[in-house]
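Take a look at the letters that make up each chain.
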Amino acid sequence: IKEKVEAGEYSGWDDVRLGTIQAMAKRGIPPSAIRAYWVDVGIKDVDIRFSWQNLYGYSQKLLEPTAKRFFFVWNPAELTIEGAPEGLAGRAPIHPGHPEMGDRILHPDVSEGGPKVFIVSEDLAELKTGQVLRLKDLGNVVVGEGNRAKHIGNDLSVLKEGAKIVHWLGAERAPFKVQMEDGSWREGFVELAALAELGKAVQFERFGYARIGKETEGYYAHK
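Owing to the predicted nature of the structure, the values given are computational and were not obtained by experimental measurement. (Residues numbered from 1 in each chain as written. Predicted model: local features only at pLDDT ≥ 70, side-chain atom pairs only at ≥ 80, totals over all residues. Heavy atoms only, no water.)

Examining the pairing of strand S8 (residues 139-143)
- Within S8, 4 of the 5 residues are buried, which leaves the element mostly enclosed by the surrounding structure.
- By the bridge criterion, 4 bridges tie strand S7 (residues 132-135) to S8 in an arrangement that is antiparallel. Bridge assignment links Val132 to a residue of S8, and that residue is Val142.
- In this structure, the hairpin formed by S7 and S8 is closed by a connection of 3 residues, where Asp137 is found at a positive phi of approximately 65 degrees.
- Relative to strand S9 (residues 148-151), S8 runs antiparallel, the two being bridged by 3 bridges. Directly across from Val141, in S9, lies its bridge partner His151.
- Taken together, S8 and the strand that follows it, S9, pair antiparallel across an intervening segment of 4 residues, in which Gly146 is found at a positive phi of about 65 degrees. (Buried < 20%, exposed > 50% of the residue type's maximum accessible area, 1.4 Å probe, protein only. Helix = DSSP H or I, 4+ residues; strand = E, 2+ residues; numbered from the N terminus. Pairing = 2+ DSSP bridges.)

Here is the structure:
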């Protein structure tokens, strides 16, 4: 590793592609998860094969009770909502297990063509005209043509009928990118409130856990 770091193949000892303590800390994997993993593995008479998935399991157990929830929309695509009631807003818990933490209030972006939201472009590509879509914690829409949809209320029964549910961002968004464990980047928008968690691990819903490293970027930990 030293030679590759010095040669510039890796950005440093904390390069997310490495298995160093610095790299794991950069990604937001708790030190206690690493300790718990090795205590469980113990000392054996044969060579031990390291398992990232087992380590992620320990990390997930530690992060889940405390990591705040936010939206991160990568590869964003616009969706304009027609017929939306005035003052339409979404209310989502900061942590579903800790109601005392309060809620996040999110609003669609205001534009001349009507309120709009940003969803993951891959989600949009899977939708068909006439399909009912649930915008998480905001409401239901029927997908139209040309990146448009019609607001049809907030009845949760659409989920029992198979409506797809997606996360979104509107007015409360900021440009953001997340570096994945292979060194690649996912770019898009993050919920503004997430930027207050600088240096901490959060859970991006429908994406995974990540550490907010800077105001413009974070580092993926695991699902």
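Notes on the pattern of salt bridges
- Tallied over the full model, the rule gives 18 salt bridges.
- Between Arg17 and Asp15 there is a salt bridge, and its shortest N-O distance comes to 2.9 Å.
- Judged by its relative accessible area of 4%, Asp15 is buried.
- Of the charged contacts, one joins Arg173 and Asp109 as a salt bridge, the two residues approaching to 3.0 Å between their closest N and O atoms. Placement of the pair is Arg173 in strand S11 (residues 173-179) and Asp109 in the loop between strand S5 (103-106) and strand S6 (116-120), with a sequence separation of 64 residues.
- Take Arg173: its relative accessible area is 24%, and that puts it in the partly exposed class.
- With a relative accessible area of 17%, Asp109 lands in the buried category.
- Where salt bridges share partners, they join Arg104, Lys136, Asp137, Glu191 and Glu205 into one cluster. (Salt bridge = Lys/Arg side-chain N within 4 Å of Asp/Glu carboxyl O.)

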